[in-house]
Amino acid sequence: MAAPHEVRVILQDFGKPDSHTIGVYEAGGGYKALKKILVEEKDKWTPDAIIEEVKKSNLRGRGGAGFPTGLKWSFLPKGNDKPKYVVCNADESEPGTFKDRYLLEELPHGMIEGMIIAGLALNSNHGFIYLRGEFYLGWQRVEAAIKEAYAKGYLGENILGSGKTFHLATFRGAGAYICGEETALLESLEGKRGHPRLKPPFPAVKGLYGCPTTVNNVETFAAVPHIILKGGDWYAKLGVGDPKSGGTKLFSVSGHVKNPGVYEVPLGLPLKKLIYETCGGLREGRKLKAVVPGGSSTPILTADEAENATLDYEGMAKLGTMLGSGGLIVLDDSTDIVEFTYRIAYFYAHESCGQCTPCREGSRWVQDVLARVRAHDAQSEDVDTLLSFTENMGNGTTICPFADAVVMGVTPIVKKFRPEFEAYLQRTEAVPSGT
Amino acid sequence: MSTEKTYQFSPHAEARFKELETKFPQRSSLVIWALHLVQEDVGYIPRDAVDYVAQRVGVAPSWVAGVVSFYSMFHEEPIGKYNLNICYNASCYLMGSDKLEECVTRKLGIKPGETTPDGLFTYTRQAECLAACGKAPAIQVNEEYYEDLTPEKLEALIDELKKKG
């Protein structure tokens, strides 16, 4: 059952028995978009027409960066001098985000159909799905779904008698957050350590095996069949906020709400409606303290800021934060914010790939200073030291945005909740703050 | 010449590897896949398997060794039969994962990174969010997720795994 404010497009079959199988997907209109492109309206759907429709939808990258998908596809060269690749980023590991895991385990066919359509739009014959290594059930379900799609003639040679070819294979990562960064993912897919690449060249020009490549998120691909079937304009208008943010978005809601989970709501929904109506509000007797809106790498919102926040790319930008992956972490007034921040810093220190000095050293320093604060072993100037890392770690000093993510994830918490960090300096033992 | 038996793929891994060879346009992509197969075979990546994978894929052993050390799921030493990965990240913390950590240490007498003397359990502090935040706190035991856990449920799970041996 859909919760209040949910508009289920990608999640239309969510919760049905055997939702991961091709029969359920087809019964709900699955692979109809592919038939429309290749059979029913085959003269209309040139590669450019597919890209234009996706542009019209205002679909933006659902992995976190929010880059317009149609535009990203249009960057691939039109010629066929080199093979082109369609890669799905299923390396979901942004803290607080778990929507892609549900899609992979419960609804893999939407992503697969979206990838085939991307292949047609980009003249690509090969796609790869890069799943994080921990997602074993998801990997099994995706493998089974690929087999079903081959058996039905949606994958392989001469798809639906069209003469078009698209092959799909899976790849399992092995435990590295950085591989969610698209160029690190490509390195990993080539069998190497996950070290992000210098850009330019961007993957659209030089991606997998040095060939033009698009890398898109699971949810992004899963939206594509609906856009083809019902039109880019229809999808764009599902958004209720800024027109530049089209469609619906999956939000992974965790933390101190009554009903955590994955919800699909229109972009532009007020944040408080999601928390208090869709997710049933906070636990009894508790007050909101803060919300991390889009995964741990997005700046935190205080309860006051969250009051007027809108869930679209523009609404979040107004508050100096980002929609990110839609990984919403809700913190009530029982939260020890210092410990919470330490956990995030511990994670980043563990996951820096080590390629660039400011990030490798900086993420460790952030963790070390927070460890001292947490142990009541810090001086008041340590908090300033922590904030001073900001200018030296991010700001283009590194190859990829990981260092910026550390800064955006940690610094705003320290700034907005500074008294609680200061209080730790004078305490001799840990007690939950916010009381 | 040493007579010590060196690692090679089991028949199952061999068949999987041959299938994977047809799926990737360039062989280097097989490095990580091959390491997964090794670990499924023997539970970790023995030193001679690094050389073996390098030779099967056609890259330098140093390439393969570098990959093994980079990815946290690859183990360079044997670990316990059941790897208890307890999520240490933000959402699981909010929902009480500390109690799960205490439970493992109390019940099994091991700290993060340690293995029980009988070789049955390894306790891993999972830094990377498991993407189970909606049903936090969560742990992963080998391939399986266990969610919405309490110390009581975790104790029961450990007892069950002990019984299975």
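The written sequence of each chain sets the order in which its residues are numbered from 1. Written order determines the labels here, with chains lettered from A and ligands numbered from 1. Residues qualify for local features only when their pLDDT is at least 70, as the model is predicted, and side-chain atom pairs are given and counted only at 80 or more; totals for whole chains, interfaces and linings, by contrast, use all residues. Each side-chain value is derived from all of the structure's non-hydrogen atoms; neither hydrogens nor water enter the calculation.

K.L.:
Now, about the overall build of chain B: what can you tell me, with residues and values included?
P.N.:
By the criteria applied, helices consist of DSSP H or I runs no shorter than four residues and strands consist of E runs no shorter than two, each listed in order from the N terminus. Summing up its helical and strand segments, chain B has 7 helices and 4 strands in all. The linear arrangement of helices and strands in chain B, starting from the amino end, is α-α-α-α-β-α-α-β-β-β-α. Its C-alpha atoms give chain B principal-axis dimensions of roughly 50 × 35 × 25 Å. Two residues qualify as a contact provided that any one of their heavy atoms is within 4.5 Å of a heavy atom in the partner residue. Within chain B, residue pairs in contact and separated by at least 24 positions form 60% of the contacts whose partners lie at least 6 positions apart. The protein chains shown are the only cover counted for residues, whose accessible areas, like all others here, come from Shrake-Rupley with a 1.4 Å probe. Surface accessibility of chain B: about 7,700 Å² in total, with carbon and sulfur atoms responsible for 51%. With 18 positive and 24 negative side-chain charges, chain B shows a spacing of 3 Å between the two charge centroids. Two residue types count as positive, namely Lys and Arg, and two as negative, namely Asp and Glu; His and chain ends fall outside the count. All charge positions are set by atom: Lys at NZ, Arg at CZ, Asp at CG, Glu at CD.

K.L.:
So what's going on with the pairing of strand β3 (residues 167-172) of chain A? Residues and values would help.
P.N.:
We call a residue buried when its accessible area falls under 20% of the maximum for its residue type, exposed when it is over 50%, and partly exposed in between, using a 1.4 Å probe and counting protein chains only. With 5 of its 6 residues buried, β3(A) lies for the most part within the structure. Here a crossover is taken to be right-handed if, once the strands point away from the viewer, the path from the first strand over the helix to the second is traced clockwise. Viewed along the sheet, the connection from strand β2 (residues 126-131) of chain A through helix α7 (residues 136-151) of chain A into β3(A) turns out right-handed.

K.L.:
Quick one: what's the story with the packing of helix α6 (residues 108-122) of chain A against α7(A), residue by residue and with numbers?
P.N.:
Residues and elements named next belong to chain A. At a minimum axis distance of 9 Å, the contact between α6 and α7 shows a crossing angle of 55°. The angle between α6 and α7 falls in the class oblique. Judged by the twist between their axes, the crossing of α6 over α7 is right-handed. Only Arg-141, Val-142, Ala-145, Ile-146, Glu-148 and Ala-149 of α7 make contact with α6, whose side of the interface consists of Pro-108, His-109, Met-111 and Ile-112. The convention used is that axes are lines fitted to C-alpha atoms, helices contributing only their stretch in contact, and that angles between N-to-C directions extend from 0 to 180 degrees. Should an angle fall under 35 degrees it is called roughly parallel, over 145 degrees roughly antiparallel, and 65 to 115 degrees roughly perpendicular, with every other angle called oblique. If you view the pair so one helix is near and one far, a crossing is left-handed when the near helix is turned anticlockwise from the far one by less than a right angle, and right-handed when it is turned clockwise.

K.L.:
Requested: an account of helix α14 (residues 337-351) of chain A, with residues and values cited.
P.N.:
Three- or four-residue spacings in an α-helix give side chains the same orientation, since the helix completes a turn every 3.6 residues. How far a helix is expected to stretch is found by multiplying one less than its residue total by 1.5 Å. Along its 15 residues, α14(A) runs 21 Å from first to last C-alpha, staying within 8% of the 21 Å computed at 1.5 Å per residue. Definition of a polar contact: a pair of N or O atoms within 3.5 Å, with one able to donate and the other able to accept a hydrogen when the atoms are protein atoms, and with sequence-neighbouring residues admitted only if both atoms are side-chain atoms. Two to three positions downstream of the cap, the backbone nitrogen of A:Val338 sits 3.1 Å from a side-chain oxygen, assigning the N-cap of α14(A) to A:Asp336.

K.L.:
Can you lay out helix α2 (residues 30-42) of chain B for me, pointing to particular residues and giving the numbers?
P.N.:
Residues and elements named next belong to chain B. For α2, spanning 13 residues, the distance from its first C-alpha to its last is 18 Å, which sits close to the expected 18 Å at 1.5 Å a residue. Counting buried positions along α2 yields 10 of 13 residues, so the element is predominantly enclosed. Every buried residue of α2 is listed here: Leu-30, Val-31, Ile-32, Trp-33, Ala-34, Leu-35, His-36, Leu-37, Val-38 and Gln-39. Backbone geometry just after α2 places Gly-43 at a positive phi near 90°.

K.L.:
Got a sec to walk through the layout of surface pockets? Specific residues and values, please.
P.N.:
Using a grid of 1 Å spacing that covers the protein atoms alone, one calls a set of points a cavity when a 1.4 Å probe fits there but cannot get out, and a pocket when the set is open and has protein on both sides within 12 Å along at least five of seven lines; lining residues are those with an atom within 4 Å of a point. Grid points are joined across faces, edges and corners, and a volume is the space filled by probe spheres set on the points. The volume enclosed by the largest pocket comes to roughly 1,300 Å³. Taken together, 48 residues form the lining of the largest pocket, with A:Gly64, A:Ala65, A:Gly180, A:Glu181 and A:Glu182 sitting closest to its centre. For the lining of the largest pocket, the secondary structure elements donating two or more residues are α4 (69-74), α5 (99-106), β4 (213-217) and α17 (402-416) of chain A. No other element matches β4(A), which puts 5 residues into the lining of the largest pocket. Here the lining of the largest pocket is composed, by residue class, of 18 nonpolar, 19 polar and 11 charged. Within this model, the second largest pocket holds a volume of roughly 730 Å³. Surrounding the second largest pocket, 31 residues form its lining, B:Gln39, B:Met73, B:His75, B:Asn83 and B:Asn142 being those nearest its centre. Breaking the lining of the second largest pocket down by element, the ones donating at least two residues are α14 of chain A together with α2, β1 (82-87) and β2 (121-126) of chain B. Per element, the largest residue contribution to the lining of the second largest pocket is 5 residues, and it comes from α2(B). As a working rule, the residues Ala, Val, Leu, Ile, Met, Phe, Trp, Tyr, Cys and Pro are called nonpolar, Asp, Glu, Lys and Arg charged, and the rest polar, with Gly in that last group.

K.L.:
Outline the pattern of salt bridges, listing residues and values.
P.N.:
Oppositely charged side chains can pair when the atoms bearing their charge come close. Residues and elements named next belong to chain A. Salt bridges are identified by distance alone: a Lys or Arg side-chain nitrogen within 4 Å of an Asp or Glu carboxyl oxygen. Evaluated as defined, the whole model comprises 48 salt bridges over all chains. The partner of Glu-187 in a salt bridge is Lys-192, with the nearest N and O atoms 3.9 Å apart. Residue classification places Lys-192 among the partly exposed residues on the basis of a relative accessible area of 25%. Across the pair Asp-332 and Arg-283 runs a salt bridge, and its minimum N-O distance is 3.0 Å.

K.L.:
Describe the domain arrangement of chain A, listing the residues and the values that go with them.
P.N.:
Residue and element names in this part refer to chain A. Per the domain assignment, the segments making up chain A are domain 1 (22-236), domain 2 (248-332) and domain 3 (337-426). Both sides together, the interface formed by domain 2 and domain 3 hides about 1,000 Å², and carbon and sulfur atoms give 70% of it. It is Lys-289, Ser-296 and Ile-300 in domain 2 that bury the most area against domain 3; as a group they hold 47% of the surface buried on that side. Counting across the domain 2 and domain 3 interface gives 2 salt bridges. For Lys-416, the salt bridge goes to Glu-305, with nearest N and O atoms at 3.0 Å. The interface formed by domain 2 and domain 3 contains 5 residue pairs in polar contact (both at pLDDT 80 or more). Mapped by element, the contributors of at least two residues to the side of domain 2 that touches domain 3 are β8 (288-292), β9 (301-302) and β11 (327-332). If you tally residues by element for the side of domain 2 that touches domain 3, the top one is β8, at 3 residues. A breakdown of the residues in the side of domain 2 that touches domain 3 according to their chemical character gives 8 nonpolar, 4 polar and 2 charged. Residue ranges for the domains originate in an automatic or database domain assignment. Reported buried area values correspond to the accessible surface (1.4 Å probe) lost by two parts on association, with both partners' losses combined.

K.L.:
Report on the sheet that holds strand β3 (residues 139-141) of chain B, specifying residues and quantitative values.
P.N.:
All names here are of chain B. By the convention used here, strands pair only if DSSP detects at least 2 bridges between them. Pairing within the open sheet is mixed, and its 4 strands lie in the order β2-β1-β3-β4. Among the strands making up the open sheet, the edge pair consists of β2 and β4 (144-146). The sheet shows a mean angle of 25° between the axes of neighbouring strands, taken without regard to direction. In this sheet, β3 lies alongside β1 in antiparallel orientation, the contact comprising 3 bridges. The residue of β3 that forms the bridge with Ile-86 is Ile-139.

K.L.:
Give me the lowdown on the sheet that holds β3(A), citing residues and values where you can.
P.N.:
Residues and elements named next belong to chain A. Strands sit in the order β3-β2-β1-β4 across an open sheet of 4 strands; the sheet is parallel. Edge positions in the sheet fall to β3 and β4, since each has one partner strand and no second. Put simply, the sheet's adjacent strands are angled 20° from each other on average, direction ignored. The strands touched by helix α9 (residues 218-230) within the sheet are β1 (85-90) and β4, with β4 carrying the most contacts at an inclination of about 95°.

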